[in-house]
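Listed here are the chains, written in short residue letters.
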Amino acid sequence: MSKGVNLLSNVDLVVLGGGSGGYAAALRSAQLGLSVVLIEADKVGGTCLHRGCIPTKALLHAGEVADTARESSHFGVNTTLNSIDMNGVNSYKDGVITKLYKGLQGLVKSRGITFVEGYGKLVSRDTVEVNGTRYTGKNVILATGSYAKTLPGLEIDGKRVITSDHGTKLDYIPKSVIVLGGGVIGCEFASVWKSFGSDVTIIEGLPHLIALEDESSSKLLERAYRKRGINFELGVRFKSHTVTADGVTVELEDGRTFSAELLLVSVGRGPVSANLGYEEQGITMDRGYVIVDDKCRTNVPGIWAVGDLIPTLQLAHVGFQEGILVAEEIAGLNPRPINYDGVPRVTYSEPEVASVGLTTAQAKERGHNVVELNYDLAGNGKAQILGTSGSIKLVAEKDGPVLGIHMVGSRVGELLAEAQLIFNWEATAADVAPLIHAHPTMSEAMGEAHMALAGKPLHAHG
Ligand SMILES: Cc1cc2nc3c(=O)[nH]c(=O)nc-3n(C[C@H](O)[C@H](O)[C@H](O)COP(=O)(O)OP(=O)(O)OC[C@H]3O[C@@H](n4cnc5c(N)ncnc54)[C@H](O)[C@@H]3O)c2cc1C
């Protein structure tokens, strides 16, 4: 740690924020021989490692274990789910985080990056100040990330009304929860709590859960949630809430009320950019987001921005790639800009929802001559073995490349490895159909879908 050092000037790069975007930029830059200062107010790893991707996926895995125990008699194995010990769940989850955190700290150190612990502010076009010490670089990367938003009048008290920051650290299982917002984060928490035995109701203002996904995926998730007993109200808006001694009551604009022990507010994330000196240095902003070009350059020469701070997909792997892109651009490697359509996306609920490329609606909007194919997982041996249902939907240009792949079912997130290659290499169904998929795997469904679209279905009816 270099807390309290004198002015450190003329390094190649000063990175403000050590989350996915910032630390990826720092690691790649150091690998390319650049001198780097990485400034972080809290812990390197940011939202994803400490209160986002990793803790939620650990909770979801614990939920899957609970579901397996609860439903084991279906497989002829008799177990009893006695209880869920949240201290045990949390120590498993925290163990995962701690191990990854130590690994990341080790990486930062071993790459020779100067790590500065403290709250930084951009004080000139090439300088960030932390606790009175100034760090000057030929380049500055802004990577201050995002925070959980709320609605006007909906105060987060951290007890009855919480965000995902609190949700990943709860030391008890709520008897009942209202999840306000049925996007990815809301649906993941709903899935965890249902697996842990809570009574869950999602309230979503849009007509569907995970509304950014292909409508067919939203409908399949809704069907699966209905089957799991996860309640949801769609197309209805929040009006007000009252905190009572034993819970929260939410009133909707249509006059209905819902009560629960806990209210999770998951209505989206906003950029962390206020009072950090960005506007003062003339950086172009829009609703708090820093605006960049396709190489993540701001309008101010030498200042770059990556991750949730810019209006691209708020995903850790997008932050990683933007960080790498900037590092390589600064090092003169002239990397290709990111094709954001080709970013893999997963909602890690039970069932999982995974996609890459365009939805049917987007493909039509962009003027493609669209053909679709739906492969029902009912025809897939491994899906039957696991007891999951869902589908793989292909959106393709007629006689052309695959434009989008949309999947629902247990473990389909793992199929994105292949799906994103198919999309990003602009493969046609005929290119994929002859590729052999091991039997019985879920990945076979990917092969079968492309065989069917290429006009030679094997295990498909109709
Ligand atoms: C509940 C939840 C689940 C998620 N699950 C997934 C998932 O499964 N997969 C996925 O891809 N994405 C997931 N995400 C999104 C992912 O966490 C973010 O996209 C990613 O963390 C963004 O990285 P970032 O570097 O832009 O910002 P952050 O990770 O937010 O990092 C920004 C860092 O900057 C620091 N900082 C801010 N201001 C200052 C300052 N002035 N001085 C010094 N330091 C500062 C902060 O302390 C923070 O560490 C999830 C998010 C949440 C909330």
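What you see is a predicted model; the values in this text were computed from it and never measured. (Residues numbered from 1 in each chain as written. Predicted model: local features only at pLDDT ≥ 70, side-chain atom pairs only at ≥ 80, totals over all residues.)

1. Structural notes on the site of the ligand
Put simply, the rule reads: Think of it this way: take the backbone, place a C-beta atom on it, and check whether that atom is within 6 Å of the molecule or strand, in which case the residue is near it. Helix and strand definitions here come from DSSP, where helices need a minimum of 4 consecutive H or I residues and strands a minimum of 2 consecutive E residues; each element is numbered from the N-terminal end. Side-chain classes follow a simple rule in which Ala, Val, Leu, Ile, Met, Phe, Trp, Tyr, Cys and Pro form the nonpolar group, Asp, Glu, Lys and Arg form the charged group, and the remainder, Gly included, forms the polar group.
Around the ligand, the surrounding shell holds 37 residues, and the nearest of these are G17, G19, G46, G145 and G307. Breaking the shell around the ligand down by element, the ones donating at least two residues are α1 (20-31), β2 (36-40), α2 (46-51), α3 (53-70) and α8 (316-330). Classifying every residue of the shell around the ligand by side-chain character gives 14 nonpolar, 19 polar and four charged.

2. Description of the domain arrangement of the protein
What counts is decided by this rule: Boundaries between domains were set according to an automatic or database domain assignment. What counts as a contact is two residues whose backbone-derived C-beta atoms lie within 7 Å of each other.
Here the domain parsing of the protein yields domain 1 (2-147 + 271-330), domain 2 (161-267) and domain 3 (351-453). Taking the mean C-alpha position of each, domain 2 and domain 3 sit 29 Å from one another. The interface of domain 2 with domain 3 comprises eight residues on the first partner and ten residues on the second. A class-by-class count of the residues in the side of domain 2 that touches domain 3 yields four nonpolar, two polar and two charged.

3. Some details on the UniProt feature "domain: FAD/NAD(P)-binding" (unreviewed entry) in the protein
Quick reminder of the rule: UniProt positions are given in the numbering used here, feature names are shortened, and annotations may be inferred rather than shown by experiment.
Here, the residues flagged by UniProt with the feature "domain: FAD/NAD(P)-binding" (unreviewed entry) are residues 12-323. Taken end to end, residues 12-323 comprises 32% helix and 27% strand; its first and last C-alpha atoms sit 15 Å apart.

4. Looking at the nonpolar core
The line we're drawing: Buried Ala, Val, Leu, Ile, Met, Phe, Trp, Tyr and Cys residues whose C-beta atoms connect them within 7 Å together make up a nonpolar core. Here a residue counts as buried when 20 or more other C-beta atoms fall within 10 Å of its C-beta, as exposed when 12 or fewer do, and as partly exposed in between; the C-beta atoms come from the backbone.
The biggest cluster of nonpolar side chains holds 126 residues, and the ones touching the most others in it are V15 and I141. Those residues in contact with I141 that sit more than four places away from it in its chain are L13, V15, L16, G22, A25, W304, A305, V306 and V326.

5. Section: unusual backbone geometry
Going from E350 to P351, the amide bond is cis rather than trans, its omega being 0 degrees. Here P351 lies in the loop between β20 (345-347) and β21 (352-357). Note that the residue after H439, namely P440, is joined by a cis bond; omega there is -5 degrees. Here P440 shows up in the loop between α12 (429-432) and α13 (443-453). Positioned with a positive phi, D399 is a non-glycine residue whose angle comes to about 55 degrees. Relative to the helices and strands, D399 is located in the loop between β23 (391-397) and β24 (402-409). For E426, which is not glycine, the phi torsion reads 50 degrees and is therefore positive. Tracing the backbone through its elements, the reader meets E426 in the loop between α11 (416-424) and α12.

6. Some details on helix α4 (residues 86-110)
Applicable threshold: In this scheme, a helix's expected span is set at 1.5 Å multiplied by one less than its residue total.
Compared with the 36 Å implied by 1.5 Å per residue over 25 residues, the 36 Å span of α4 between its first and last C-alpha is a close match. Among all positions of α4, only V89, K93 and V108 are buried. Those residues of α4 that are buried lie in contact with α1, β2, α3 and β3 (114-117). G112 sits one or two positions beyond α4 and adopts a positive phi of about 75 degrees.

7. Topic: the packing of α3 against helix α6 (residues 184-196)
Where we set the bar: Only the stretch in contact is used when fitting a helix axis, every axis being a line fitted to C-alpha atoms; angles between N-to-C directions are given from 0 to 180 degrees. Should the near helix be turned anticlockwise from the far one by less than a right angle, the crossing is termed left-handed; should it be turned clockwise, right-handed.
Where α3 contacts α6, the axes come no closer than 8 Å and their chain directions differ by 35 degrees. Crossing handedness for the pair α3 and α6: left-handed. Within the contact between the two elements, α3 uses T56, L59, L60, G63, E64, A66 and D67 and α6 uses E188, S191, V192, S195 and F196. For the contact of α3 with α6, the per-class residue count stands at five nonpolar, four polar and three charged.

8. What to know about α11
Put simply, the rule reads: Relevant arc is that of directions from the helix axis to the C-beta atoms, nothing else.
Of all the positions in α11, only L416, A419, I422 and F423 are classed as buried. Take α11 and look down its axis: the buried residues cluster within an arc of 120 degrees, on one side only. On its buried face, α11 sits against β20, β21, β24, α12 and α13. E426 lies just past α11 and shows a positive phi near 50 degrees.

9. Overview of the UniProt feature "domain: Pyridine nucleotide-disulphide oxidoreductase dimerisation" (unreviewed entry) in the protein
Under the UniProt annotation, "domain: Pyridine nucleotide-disulphide oxidoreductase dimerisation" (unreviewed entry) lies at residues 343-449. The span residues 343-449 is 30% helical and 29% strand by assignment, and the distance between its end C-alpha atoms comes to 21 Å.

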